[in-house]
Amino acid sequence: MTIAIHVENLTRRFGDLVAVDHISFEIGQGEIFGLLGPNGAGKTTTLSMLATMLKPSEGNATVNGIDVEKDEDGVRRLIGIVFQYQSLDEELTAWENMDFHGRLYRLPTDVRNQRIGELLALVELADRKDDIVKTFSGGMRRRLEIARGLLHHPAVQFLDEPTLGLDPQTRNHLWQYIATLSKEKGITIILTTHYMEEADRLCNRVAIIDHGKIIALDTPSNLKDGIGGDVVTIKSTDTAAIVETLKEPWINRVDTHEGEVVISLRNAEQHLSTIVTLLVARQIPISSISIHKPTLEDVFLSFTGKSIREQEAGTADILRQQMKMMRRH
């Protein structure tokens with residue numbers, strides 16, 4: 001496998017805050033690789049270092065063999081970037097935004113015009129090419145930003161929360177575009193997201209990142225299989241009593257959060273009646289019981305002891321501090 005991105009002990013500090021903490025991974029050419037974690041976990045900072053927008057405090061990284069610190073211009077010629085905050089000129093048309101970007105990359109006029117037409121058609125904006133961007137919906141703007149990022153035919157595309165704030169239908173459309181780009185164009189894509197379904201559906205492999213560290217890295221299916229077969233979720237006002245009661249050897253793991261007990265086990269249907277019998281015998285109140293196959297949310301919970309929503313709430317202050325630090329550096 002040809003390596004497109006190599007990261008070794010990559011670290012970024014902002015004063016006393018360690019935003020990215022000695023992470024290492026490799027991404028193969030043509031792979032869709034996901035960085036999955038809550039806001040403030042270090043995903044955007046990692047992308048910013050790989051895109052040469054931030055210098056690492058420690059460690060090193062290469063993009064298609066080019067060192068991100070030693071040859072910034074060489075890396076920038078290879079990559080396309082779509083960050084989570086809009087960077088389009090709202091007073092220009094879709095075509096003019098694309099054309100300006102192409103001129104910055106010194107694309108010849110005929111090549112530039114051909115690619116703009118092709119890419120606007122790819123993201124279904126060809127009929128709006130002469131419309132001012134400020135008249136576009138959020139989904140249309142995201143599609144235009146992705147098209148713009150592809151104009152110079154990047155070998156590697158960075159997508160930072162590309163579907164943030166979009167409605168489910170538009171998100172589904174963008175997922176289809178991203179999968180098509182990887183398959184048909186052979187572009188390596190590194191994607192950050194906190195949407196579990198997005199990572200599960202799109203990515204060949206996923207690195208789960210929390211508090212600046214990679215805590216798990218594998219294919220989505222392997223990560224889900226690793227926590228054990230099925231997941232039983234019990235809602236109760238006395239979760240501590242449930243944890244104390246359920247000590248059976250066929251239970252792989254028990255976690256609690258937000259008034260729920262989450263149990264990982266195999267063959268849940270076979271053991272469900274036993275679970276209910278044990279809890280009823282101790283008169284433990286049960287609001288509801290459900291069974292489902294493991295999701296990446298369950299994987300995150302099993303590694304951190306918290307849901308990704310809880311982690312986002314807990315890192316809000318850290319994220320605000322991190323953004324302040326990034327503006328100073």
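Look above for the structure.
The following refers to the structure shown. All figures in this text were calculated on a predicted structure; none of them were measured in a lab.

Cut-offs and rules
Residues numbered from 1 in each chain as written. Predicted model: local features only at pLDDT ≥ 70, side-chain atom pairs only at ≥ 80, totals over all residues. Heavy atoms only, no water. Helix = DSSP H or I, 4+ residues; strand = E, 2+ residues; numbered from the N terminus. Buried < 20%, exposed > 50% of the residue type's maximum accessible area, 1.4 Å probe, protein only. Contact = heavy atoms within 4.5 Å. Areas by Shrake-Rupley, 256 points an atom, 1.4 Å probe, with all protein chains shown as cover. Lys, Arg positive; Asp, Glu negative; His and termini not counted. Charge placed at Lys NZ, Arg CZ, Asp CG, Glu CD. Expected span 1.5 Å × (residues − 1). Arc of directions from axis to C-beta. Pairing = 2+ DSSP bridges. Right-handed = clockwise from strand over helix to strand, strands pointing away. Axes fitted to C-alpha atoms, helices over the stretch in contact; angles between N-to-C directions. Salt bridge = Lys/Arg side-chain N within 4 Å of Asp/Glu carboxyl O.

### Considering the overall build of the protein
- The helix and strand inventory of the protein stands at 13 helices and 14 strands.
- Its C-alpha atoms give the protein principal-axis dimensions of roughly 75 × 45 × 40 Å.
- Within the span of the protein, comprising 329 residues, buried residues form 50% of the whole.
- Within the protein, residue pairs in contact and separated by at least 24 positions form 70% of the contacts whose partners lie at least 6 positions apart.
- Surface summary for the protein: the accessible area is close to 15,200 Å², and the carbon and sulfur share equals 47%.
- Of the side chains in the protein, 37 bear a positive and 46 a negative charge, and the two mean positions are spaced by 3 Å.

### Description of helix H6 (residues 168–185)
- Compared with an ideal rise of 1.5 Å per residue, which puts 18 residues at 26 Å, H6 spans 25 Å between its outermost C-alpha atoms and is within 8% of the ideal.
- Of all the positions in H6, only Thr 170, Arg 171, Leu 174, Trp 175, Tyr 177, Ile 178, Leu 181 and Ser 182 are classed as buried. Buried positions in H6, seen along its axis, are confined to an arc of 165 degrees and lie on one side of it. Residues of H6 that are exposed and point over 90 degrees away from its buried face: Pro 168, Gln 169, Lys 183 and Glu 184.
- Residues of H6 that are buried sit in contact with strand E3 (32–36), helix H4 (109–122), helix H5 (138–149), strand E7 (156–160), strand E8 (188–193) and helix H7 (196–202).
- Where H6 ends, the next residue or the one after it, Gly 186, has phi of about 70 degrees, a positive value.

### Topic: the pairing of E7
- With 5 of 5 residues buried, E7 lies mostly within the body of the structure.
- Taken together, the 4 bridges between strand E6 (residues 79–82) and E7 define a ladder with parallel strand orientation. For Ile 79, the partnering residue across the bridge sits in E7 and is Val 156.
- Handedness of the β-α-β unit built from E7, H6 and E8 comes out right-handed.

### Examining the sheet that holds strand E12 (residues 251–257)
- Read from one edge to the other, the open sheet built from 4 strands follows the order E12-E13-E11-E14, with strand pairing classed as antiparallel. Every other strand in the sheet has two partners, leaving E12 and strand E14 (288–292) as the edge strands with one partner each. Taken over all neighbouring pairs, the strand axes of this sheet differ in orientation by 20 degrees on average, direction set aside.
- Sheet analysis places E12 next to strand E13 (residues 260–265), joined by 6 bridges and oriented antiparallel. Across the sheet, residue Arg 253 finds its bridge partner in E13, namely Ser 264.
- Along the sheet face, helix H10 (residues 268–281) touches strand E11 (230–235), E13 and E14 and points at about 25 degrees away from the line of E11.

### A few points about the pattern of salt bridges
- By the definition in use, this model includes 18 salt bridges.
- Here Arg 205 and Glu 31 are joined by a salt bridge, their closest N and O atoms 2.6 Å apart. Of the two residues, Arg 205 sits in strand E9 (residues 205–210) while Glu 31 sits in the loop between strand E2 (17–28) and E3, which places them 174 residues apart along the sequence.
- Residue Arg 205 is classed as partly exposed on the basis of its relative accessible area, which comes to 21%.
- Among the ionic contacts, a cluster of salt bridges with common partners joins Lys 55, Glu 72 and Arg 76.

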